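# What the coordinates show
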Amino acid sequence: MSEDSRQHDTKYMISGDSISKGVIYDELKSKYVVLEDNYVSLLQNKLKGAVRNTARFGNTLMKGVGYLKKDVLKEKPDIVLIEYGGNDCDFHWNEIADNPEAHHIPKTDFAAFERMLTETIEYLRSLQITPVLMNLPPLNADKYFKWVSRNNPEAETNILKWLGSVTKIYWWQERYNSTIVKVAEKTKTKCIDIRGAFLEHPDFTKFICVDGIHPNQDGHRIISDKVLEFVRTHYHHLLRDKSDLAADC
C-alpha cells in the first residue's frame with residue numbers, strides 16, 4: 001500500500017466467515033452468539049479510518065466472493081482482509097453419518113479453493129485495492145468430532161469409519177491452511193499468521209470454543225493482537241496514536 005493512504009481516511013473491509021463475524025458458542029445459553037469484543041471490533045479502535053465488516057456466518061469463499069465484488073464497488077476500500085477456509089474445508093457430516101461408504105466431498109473443492117482465492121486477489125488488485133490474507137486458527141479435532149457427530153454413538157462410529165482417524169480432521173484443515181500460505185507466496189500477498197499465534201501456546205485448545213473450531217473470547221484477543229502486530233510491522237502509519245485517541249475523548 002502506498003503512502004498516499006496518509007492523505008485520506010483509510011477504509012478497511014473484512015471479508016470472511018463466522019470467525020470474522022465474531023461468532024462464538026455461548027455454553028450458558030447453548031447457542032451461537034456474536035461476541036461484542038470480537039477481533040474486528042477490537043481493531044476498530046486501534047486503526048485510523050473506518051473498518052467495514054462484511055463477514056457472514058456460514059460463508060464459504062465462493063459465497064463470500066459474490067458479496068465481496070458488490071461490496072468493494074460500493075464501499076471502495078483501500079485494504080481488504082480475506083479470511084476463509086474453515087467452512088470451505090468442511091463436510092456435510094450428517095450425510096457422512098448416514099452413509100459412510102459413499103464418496104463425500106468438502107463444501108469447496110480443494111483445487112477450486114486455491115483458484116478462487118488467487119482470482120479474488122487479482123480482482124482486488126485490478127481495482128487498486130490491497131488484499132491481505134489471514135490463515136486459519138487451528139481446530140480441536142477431538143471436540144470437533146464430538147460436535148459434528150452430536151455425541152451420537154452410531155454417528156460417531158460411522159463418521160470415524162469414513163475418516164479412518166479423528167486426527168484426519170486436523171490434517172484436512174491444515175491442507176487448506178497450507179493453500180492459503182501457498183497462494184500468498186505465489187501472488188506475493190501479505191499473510192497474517194493467525195495459526196502460528198495460536199500454536200505459540202502449549203495448549204491452544206483453551207482458546208477454542210466447545211465446538212472445536214470457533215475461537216472464544218480469549219482467542220479473539222489473540223487474533224486482534226496478531227493483526228495489530230502485522231499492522232505495526234507493515235503499515236505503522238495506519239495505527240492511531242495518543243493524539244488520535246485524545247481527540248475522541
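The paragraphs below set out a description of the structure included in this document. Since the structure is predicted, the reported quantities are computational estimates derived from the model, not experimental observations.

### Points about helix α5 (residues 110-126)
For α5, with 17 residues, the first-to-last C-alpha span of 25 Å sits near the 24 Å given by 1.5 Å per residue. Those residues of α5 lying buried are Ala 112, Phe 113, Glu 114, Met 116, Leu 117, Thr 118, Thr 120, Ile 121 and Leu 124.

### Points about the nonpolar core
One finds Val 80, Ile 82, Trp 93, Leu 117, Leu 133, Ile 159 and Ile 169 to be the most contacted residues of the largest nonpolar core, which totals 39 residues. Ignoring anything within four residues of it in the chain, the contact list for Leu 117 reads Leu 61, Ile 82, Leu 133, Ile 180 and Val 183. One finds Leu 47, Ala 197, Val 231 and Leu 238 within the second-largest nonpolar core, a separate group that totals 28 residues.

### Comments concerning the pairing of strand β6 (residues 130-134)
Where burial is concerned, most of β6 is hidden: five out of the five residues are buried. Where β6 meets strand β7 (residues 191-192), two bridges bridge the pair, whose relative direction is parallel. Across the sheet, residue Met 134 finds its bridge partner in β7, namely Ile 192.

### Re the packing of helix α3 (residues 61-75) against α5
Axis angle and axis distance: for two packed helices, these are the angle between their axes and the distance between the axes, and together they describe the pair. As a packed pair, α3 and α5 sit with axes 11 Å apart at the nearest point and diverge in direction by 5 degrees. On the basis of their axis angle, the class for α3 and α5 is roughly parallel. The segment α3 lies against α5, with Leu 61, Met 62, Val 65, Leu 68, Lys 69, Val 72 and Leu 73 engaging Phe 113, Met 116, Leu 117, Thr 120, Tyr 123 and Leu 124. For the contact of α3 with α5, the per-class residue count stands at eleven nonpolar, one polar and one charged.

### Some words on the environment of Leu 42
Tracing the sequence through the fold places Leu 42 in helix α2 (residues 39-44). In sequence terms Leu 42 and His 220 are 178 residues apart; their C-alpha atoms lie 8.8 Å from each other. Sequence-distant contacts of Leu 42, that is, excluding residues within four places in its chain, are made with Asp 37, His 220, Arg 221 and Ser 224.

### With respect to the pattern of salt bridges
One pass over the full model with this rule turns up nine salt bridges. As a salt-bridge pair, Lys 161 and Glu 101 come within 2.5 Å of each other at their nearest N and O atoms. Of this pair, Lys 161 sits in helix α7 (residues 153-163) while Glu 101 sits in the loop between α4 (93-98) and α5, and the two are 60 residues apart along the sequence. Since its relative accessible area comes to 54%, Lys 161 is described here as exposed. Given a relative accessible area of 60%, Glu 101 falls into the exposed group.

### Thoughts on the sheet that holds strand β5 (residues 79-83)
One open sheet accounts for five strands, arranged β4-β1-β5-β6-β7; its pairing is parallel. Lying at the two open borders of the sheet, with one neighbouring strand each, are β4 (50-53) and β7. Pairing between strand β1 (residues 11-16) and β5: five bridges, direction parallel. Each bridged residue has a counterpart across the sheet, and for Gly 16 the counterpart in β5 is Glu 83. The sheet contacts of helix α8 (residues 167-187) involve β6 and β7, and relative to β6 the element is tilted by about 150 degrees.

### A look at the packing of aromatic side chains
Applying the stated criterion across every chain, the model contains 15 aromatic pairs. Pairing Trp 93 with Tyr 144 gives two aromatic rings, centres 6.3 Å apart and planes at 80 degrees, and the pair type is edge-to-face. On the criterion of sequence distance, the pair formed by Trp 93 in helix α4 and Tyr 144 in helix α6 (residues 141-148) is long-range, its members being 51 residues apart. Pair check on accessibility: Trp 93 and Tyr 144 agree, each one buried. Counting every residue linked through ring pairs, the aromatic cluster contains Phe 91, Trp 93, Phe 110, Phe 113, Tyr 144, Trp 162, Trp 171, Trp 172 and Tyr 176. In this structure, Lys 69 is placed above the aromatic ring of Tyr 123, and the distance from its NZ or CZ to the ring centre is 5.2 Å. Above the face of the Tyr 170 ring, Arg 195 is positioned so that its terminal group lies 5.1 Å from the ring centre.

### Examining the state of the cysteines
Inspection of the entire model under this criterion finds zero disulfides. Distance from the sulfur of Cys 191, which forms no disulfide, to the nearest cysteine sulfur (Cys 89) is 15 Å. Using a relative accessible area of 26% as the deciding quantity, one classes Cys 191 as partly exposed. Looking at Cys 209, it has no disulfide partner, and the nearest cysteine sulfur is the one in Cys 89, 17 Å off. The class of Cys 209 is buried, set by a relative accessible area of 5%.

The rules behind these values
Residues numbered from 1 in each chain as written. Predicted model: local features only at pLDDT ≥ 70, side-chain atom pairs only at ≥ 80, totals over all residues. Heavy atoms only, no water. Helix = DSSP H or I, 4+ residues; strand = E, 2+ residues; numbered from the N terminus. Expected span 1.5 Å × (residues − 1). Buried < 20%, exposed > 50% of the residue type's maximum accessible area, 1.4 Å probe, protein only. Core = buried A, V, L, I, M, F, W, Y, C linked by side-chain atoms within 4.5 Å. Contact = heavy atoms within 4.5 Å. Pairing = 2+ DSSP bridges. Axes fitted to C-alpha atoms, helices over the stretch in contact; angles between N-to-C directions. Parallel < 35°, antiparallel > 145°, perpendicular 65-115°, else oblique. Nonpolar A, V, L, I, M, F, W, Y, C, P; charged D, E, K, R; others polar. Salt bridge = Lys/Arg side-chain N within 4 Å of Asp/Glu carboxyl O. Phe/Tyr/Trp six-rings, centres within 6.5 Å; stacked < 30°, edge-to-face > 60°. Lys NZ or Arg CZ within 6 Å of the ring centre and 35° of its normal. Disulfide = S-S within 2.5 Å.

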